[in-house]
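Spelled out from the first residue to the last, the chains are:
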Amino acid sequence: MDLINKIEAQINEADCPFYVLDMAQVKANYNRFYSALTSHYKQAKIAYSYKTNYMPHLCETYHKLGAWAEVVSMMEYQIALKNGVNPTEILYNGPAKKFREIEMALRNQSVVHIDHLKEWEWIKTFAVNNPEVLLRLALRLNFKLSDQNASRFGLSLENGDLNTVANEISAIKNATVVGLHCHFTTKDRSVKSYRERVKKLIVVAKNLKISNLEYVDVGGGFFSEMPEMLENQFSADIPTLEEYGTALSEEMKMGFPNGGPLLVVEPGAALSANTMQFYCKIWEIKNLHHAPVAICTGSKYNIKPTLHNLQMPYKVVHLNEGQSFYKIAVAGYTCKEDDVLIYEYSGPLAEGDYLVFQNIGAYSLVLKPPFIEADFPVFAVEEENITLVKRRQTFEDVLSTYL
Ligand SMILES: Cc1ncc(COP(=O)(O)O)c(C=O)c1O
């Protein structure tokens, strides 16, 4: 309540929803994951996945703690530079990078992760035509995982593309493979699967005998820590950051007992999902012919713009005396019938009560469309300090790209 009052005092419109970024959680996620990753094998790096949530305040905090940036577009690359990231600490992934963008990254000494042969053909020509530029490259591997049938990303290990590119790079004086990479998002995101991934990278690193290998990178895709209400909706067990990190660290220690390349991970959701909450209010409760329906000042586009069917975990802050309801829907401000934030709410509820949706830090802000409403402000909370880190979007912001 105290937090709501303090934030309400900072916003002009009393009914404006807002997001809260919990800075203690941001730091705790990073520190927990990093200490697990270094528990057995001491050389590890976290490359934070910008696509998940590129809010500068969040990214900068991860960078201050030691994180690199993992980006998949020039837009994200530019944001990382603006956040002060040293270009050598930017890993440039992505399945459809533009050539002029790859050139900029290569000239900056960022690591370009090669995804496919066309990309490599272009990089090869660039290397030959620019012998003065030392190219730092990584190979993204595509292989069959036991818990996933197929991925469309990376150079195939099975059909020989990976070896072809690795051999060609070794014949080019000004190009070096500094990293081996893979990334998969599997249904269960199991610890076992991460062991399999890192083992595969270690075997390939040894087979290819890459002399200057600086890192093996198992990508992201880890589950985030989540409230029970969300956890209960998954059939799989949700591993902890400690379980993932320790397993990867153990495998690296076994693979490189006397030390070797860095272990790199590219977490997005695991670092950011549980760092943000979305606060909105019950606007009205209608008694319709079939059932009562509560309408709130938020939308499902604020809490899950990927439009999955999971019920995002929430709490109600009861501010007013209300009726008690049984299994009613709480719907959003848009004109879409299916804009439902809570499928079945039972309990007391009144106009003016706050709904606090949890775990909305990943793939939310970056995917929120300016559909019907511009987006809402974000406040970072750190100990006693509440700082506005993203202002309310205005209609001018939304119109600014239309000519
Ligand atoms: C190459 C790469 N790395 C990291 C991530 C981050 O994934 P997650 O948010 O599931 O950790 C993604 C997400 O698509 C990705 O494509």
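The rules behind these values
- Residues numbered from 1 in each chain as written.
- Predicted model: local features only at pLDDT ≥ 70, side-chain atom pairs only at ≥ 80, totals over all residues.
- Heavy atoms only, no water.
- Salt bridge = Lys/Arg side-chain N within 4 Å of Asp/Glu carboxyl O.
- Helix = DSSP H or I, 4+ residues; strand = E, 2+ residues; numbered from the N terminus.
- Buried < 20%, exposed > 50% of the residue type's maximum accessible area, 1.4 Å probe, protein only.
- Domains from an automatic or database assignment.
- Contact = heavy atoms within 4.5 Å.
- Buried area = accessible area lost by both parts, 1.4 Å probe.
- Polar contact = N/O pair within 3.5 Å; in protein donor to acceptor, adjacent residues only side chain to side chain.
- Near = heavy atom within 4 Å.
- 1 Å grid on protein atoms, 1.4 Å probe; cavity = no way out; pocket = protein on both sides within 12 Å on 5 of 7 lines; lining within 4 Å.
- Sits in = over half its atoms within 2 Å of the grid points.

Quick notes on the pattern of salt bridges
This structure, assessed with the given rule, holds 19 salt bridges. Between Glu384 and Lys6 there is a salt bridge, with its nearest N and O atoms 3.9 Å apart. With Glu384 in the loop between β17 (378–382) and β18 (385–390) and Lys6 in helix α1 (residues 2–8), this pair connects stretches of sequence that are 378 residues apart. Lys6 sits in the partly exposed class, given a relative accessible area of 33%. Ionic pairing is found between Asp188 and Lys187, a salt bridge with its closest N-O pair at 3.9 Å. Through salt bridges with shared partners, a single ionic network connects Asp2, Lys6 and Glu384.

Digging into the domain arrangement of the chain
One frequently used descriptor of interface size is the decrease in accessible area upon assembly of the parts. Taken as a whole, the chain is organised into domain 1 (2–20 + 275–393) and domain 2 (24–273). Measuring from the centre of the C-alpha atoms in domain 1 to the corresponding centre in domain 2 gives 34 Å. Tallying the contact residues gives 21 residues for domain 1 and 25 residues for domain 2. Together, the buried faces of domain 1 and domain 2 total about 1,800 Å²; carbon and sulfur atoms form 63% of this surface. Counting across the interface, domain 1 meets domain 2 through one salt bridge. Across the pair Glu382 and Lys27 runs a salt bridge whose closest N-O atoms are separated by 2.4 Å. Summed over the shared surface of domain 1 and domain 2, the number is eight residue pairs in polar contact (both at pLDDT 80 or more).

Details of the site of the ligand
Taken together, 15 residues are adjacent to the ligand, and Gly221, Glu266, Gly268, Ala269 and Tyr363 come closest. Here a nitrogen atom of the ligand sits 2.7 Å away from a polar atom, N or O, in the side chain of Glu266. One of the backbone N or O atoms of Ala269 is found 2.9 Å from an oxygen atom in the ligand. Judged by the proximity of its atoms to the pocket grid, the ligand belongs to the largest pocket.

Quick look at the environment of Asn53
Here Asn53 lies in the loop between β2 (44–49) and α3 (56–65). Take Asn53: its relative accessible area is 1%, and that puts it in the buried class. The sequence separation of Asn53 and Gly219 amounts to 166 residues, and the corresponding C-alpha distance is 16 Å. Not counting chain neighbours up to four residues away, the residues in contact with Asn53 comprise Tyr48, Leu58, Cys59, Ser272, Met276, Gly361, Leu365 and Val366.

Some points on unusual backbone geometry
A positive phi is found at Gln109, a non-glycine position, where the angle reads about 70°. The residue Gln109 is located in the loop between α5 (99–107) and β5 (111–114) in this model. The exposure class of Gln109 is partly exposed, given its relative accessible area of 25%. A positive phi is found at Arg189, a non-glycine position, where the angle reads about 45°. Within the element layout of this structure, Arg189 appears in the loop between β8 (175–181) and α8 (191–208).

A short note on the side chain of Thr38
In this fold, Thr38 is placed in the loop between α2 (23–37) and β2. Ignoring sequence-local partners within four residues, the contact set of Thr38 consists of Ala44 and Ser249.

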